[in-house]
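Residue-level listing of the chains:
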Amino acid sequence: MANDRGSGDEIGDGGAAELLARHRRVLPSWQLLYYERPIELVRGEGTRVWDGAGREYLDFFGGIVTTISGHLMRRMVDALTEQIHRGINHTSTLYLIRPQVELAERLTSLAPIDGATKAFFVSSGTEAIETALLLATSWRRSNEIVALRNSYHGRSFGAVGITGNKSWAATSFTPLKVSHAIEPYCYRCPLKLSYPQCGIACAEDLRNVIETTTTGRPAAMIAEPIQGVGGFVTPPQEYFQIVKGILDEFGIPFVADEVQTGFGRTGEAFWGIESYGVRPDAIVCAKGLGNGLAIGAVVGREEMVESIEANSISTFGGNPLATTGALANLDFIRDRDLQQNAYKVGSFLMRGLKDLEERFEIVGEVRGKGLMVGIEIVADGASKRPDPAAAARVMEGARERGLLVGKGGLYGNVLRLSPPLIVTEDDAARAVETLDAAIAGAAGS
Ligand SMILES: Cc1ncc(COP(=O)(O)O)c(C=O)c1O
């Protein structure tokens, strides 16, 4: 991996400083960039990427939990090349699109939803969330949504409205009436309780949220099986079963936001929610579905999907190129059994990082499932005070040593590891070793 071409200063920056200046002139400042000296990634292969100066990095963030099958995945490149050469990248949904029908068949058969299901395609996670909100509110004739605190669901008015994290809530304008239930965040339990003596009180509180803040008939509850942007907050095993039981008492549909957790990422199951033994009424997905192509989807119970009465299209949603690429990606995930690899390498990675949790005072908690692992950085284990500055130092230190990781959490103090699911134990060992050095460096300064 390594930075075998020396430090940034010795080999130049590949034009990154000049590109950054141009970026700052014409793009918004709220479109965040990582690193004190942001980098441009110009090439990728498997789990490796290279910047403009030729430095190689082990990619442990996958473009925000998206490049699930790795860079330059041949099967997808070939399928896309063939489709492009057919000269049909776009026709609109006014015509039959064979790969779209095939992808809908695939997703509806994979979704752990009871009864007949249908799918609708869009171009991003946000649009998929908007679609789920439109469908649920139309179906139930209600504008009430229950979501979780510390959640992230996207950047449009509806998605920001249900998002429970002020760093990502650019506006309070929303078409919905939203109730935010307590998040299942054991390390920072909002109820100041300890698992398992708590009796999963955060889940039980949902009944009170429904009874006191809604008409009792909200359109749906929506939740991420593991909160992604929120810092890979991983609910206790009982959480979603209790939540689903309460929703069933009231007859409220449940929508799983699988934008980060889908397609085997969590190792235990194909969909994140399945490892909690719960069957939702709809699933929202994007990111890993296209391994980097712009595609999102909602798969839901037929009655829900068919509940809108007006026409509705997405010009780009489910276009021939995106759906061809997504099908090749799903084939690759299945044929290479990447879910099993996520479980195996994820367990190995978790063991290595748990060792860092024991050794370093600033590593408050290591958590997650499969290849979705968060490292919460704190001032010290006793106070658990979030330390975003130390987390930023670890990120910089990892980058200098040739490892890219992400960051998240309400306080910006959680490092996020979500490599492509093709990652090997050698890669994971290298990542742990690099983080060990970067954390030691950050803790000492
Ligand atoms: C759980 C979740 N839902 C929805 C979204 C929105 O997806 P997009 O950025 O593709 O619009 C994201 C993006 O990070 C997400 O993590």
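Residues numbered from 1 in each chain as written. Predicted model: local features only at pLDDT ≥ 70, side-chain atom pairs only at ≥ 80, totals over all residues. Heavy atoms only, no water.

> Where do I start with the sheet that holds strand 12 (residues 372–377) in this structure?
Strands belonging to one sheet form pairs held by backbone hydrogen bonds; the direction of such a pair is parallel or antiparallel. The strand order 11-12-15-14 describes an open sheet built from four strands, whose pairing is antiparallel. In the strand order of this sheet, the two ends are held by strand 11 (363–369) and strand 14 (406–408), each with one partner. The average undirected angle you get between the axes of adjacent strands in this sheet is 25°. Pairing of strand 11 with strand 12, which is carried by six bridges, proceeds in the antiparallel orientation. (Pairing = 2+ DSSP bridges. Helix = DSSP H or I, 4+ residues; strand = E, 2+ residues; numbered from the N terminus. Axes fitted to C-alpha atoms, helices over the stretch in contact; angles between N-to-C directions.)

> Please clarify how the packing of helix 4 (residues 74–85) against helix 11 (residues 320–335) should be interpreted in this entry.
Pairs of packed helices are described in terms of their axes, by the angle between the two and the distance that separates them. Interhelical geometry of helix 4 versus helix 11 gives an angle of 155° and a closest axis separation of 9 Å. With respect to helix 11, the element helix 4 is oriented roughly antiparallel. Relative to helix 11, the crossing made by helix 4 is right-handed. For the pair formed by helix 4 and helix 11, the contact residues are Arg-75, Met-76, Ala-79, Leu-80, Gln-83 and Ile-84 on the first element and Pro-320, Leu-321, Thr-324, Gly-325, Ala-328, Asn-329, Asp-331, Phe-332 and Asp-335 on the second. For the contact of helix 4 with helix 11, the per-class residue count stands at eight nonpolar, four polar and three charged. (Parallel < 35°, antiparallel > 145°, perpendicular 65-115°, else oblique. Left-handed = near helix turned anticlockwise from the far one by under 90°. Contact = heavy atoms within 4.5 Å. Nonpolar A, V, L, I, M, F, W, Y, C, P; charged D, E, K, R; others polar.)

> How should I be thinking about the sheet that holds strand 3 (residues 56–59) in this particular structure?
One open sheet accounts for four strands, arranged 1-2-3-13; its pairing is mixed. In this open sheet, the two edge strands, each paired with only one partner strand, are strand 1 (41–45) and strand 13 (403–404). Note that strand 2 (residues 48–51) and strand 3 share three bridges and pair antiparallel. Among the inter-strand pairings, Trp-50 is bridged to a residue of strand 3, identified as Glu-56.

> Can you help me understand the site of the ligand in this one?
Around the ligand, the structure places Ser-124, Gly-125, Thr-126, Tyr-152, His-153, Gly-154, Glu-224, Asp-257, Val-259, Gln-260 and Lys-287. In the environment of the ligand, an oxygen atom lies 2.8 Å from a nitrogen or oxygen atom belonging to the side chain of Gln-260. Summarising the interface, the protein chains cover 84% of the accessible area of the ligand, which totals 390 Å² for the free molecule. Among the residues forming the shell around the ligand, the class breakdown is two nonpolar, six polar and three charged. (Near = heavy atom within 4 Å. Polar contact = N/O pair within 3.5 Å; in protein donor to acceptor, adjacent residues only side chain to side chain. Areas by Shrake-Rupley, 256 points an atom, 1.4 Å probe, with all protein chains shown as cover.)

> Sorry, what's going on with the nonpolar core here?
Burial of nonpolar side chains together is a common tendency in soluble globular proteins. Counting 95 residues, the largest nonpolar core has Leu-107, Met-221, Phe-263, Leu-289, Leu-353 and Leu-435 as its most contacted members. Counting the residues that make up this core, at least three belong to each of domain 2 (76–335) and domain 3 (340–371 + 383–415 + 434–445). Residues within four places of Leu-107 in sequence aside, it is in contact with Phe-121, Phe-263, Trp-271, Leu-289, Ala-297, Val-299 and Leu-330. Within the second largest apolar cluster, 23 residues are counted, among which are Ala-136, Ile-162, Val-284 and Val-305. (Core = buried A, V, L, I, M, F, W, Y, C linked by side-chain atoms within 4.5 Å. Buried < 20%, exposed > 50% of the residue type's maximum accessible area, 1.4 Å probe, protein only. Domains from an automatic or database assignment.)

> Just checking my understanding: could you explain the confidence of the model for the protein chain for this structure?
Note that predicted coordinates carrying low pLDDT should not be read in detail. Overall, the predicted model of the protein chain reaches an average pLDDT of 96, with 97% of residues at or above 70. By mean pLDDT, the top-scoring element of the protein chain is strand 8 (residues 254–257) (99), and the lowest-scoring one is helix 1 (residues 8–11) (54). Counting contacts from residues 1–9, a segment whose pLDDT is below 50, to residues more than four positions away or on other chains yields 20 contacts. (pLDDT = per-residue confidence, 0-100.)

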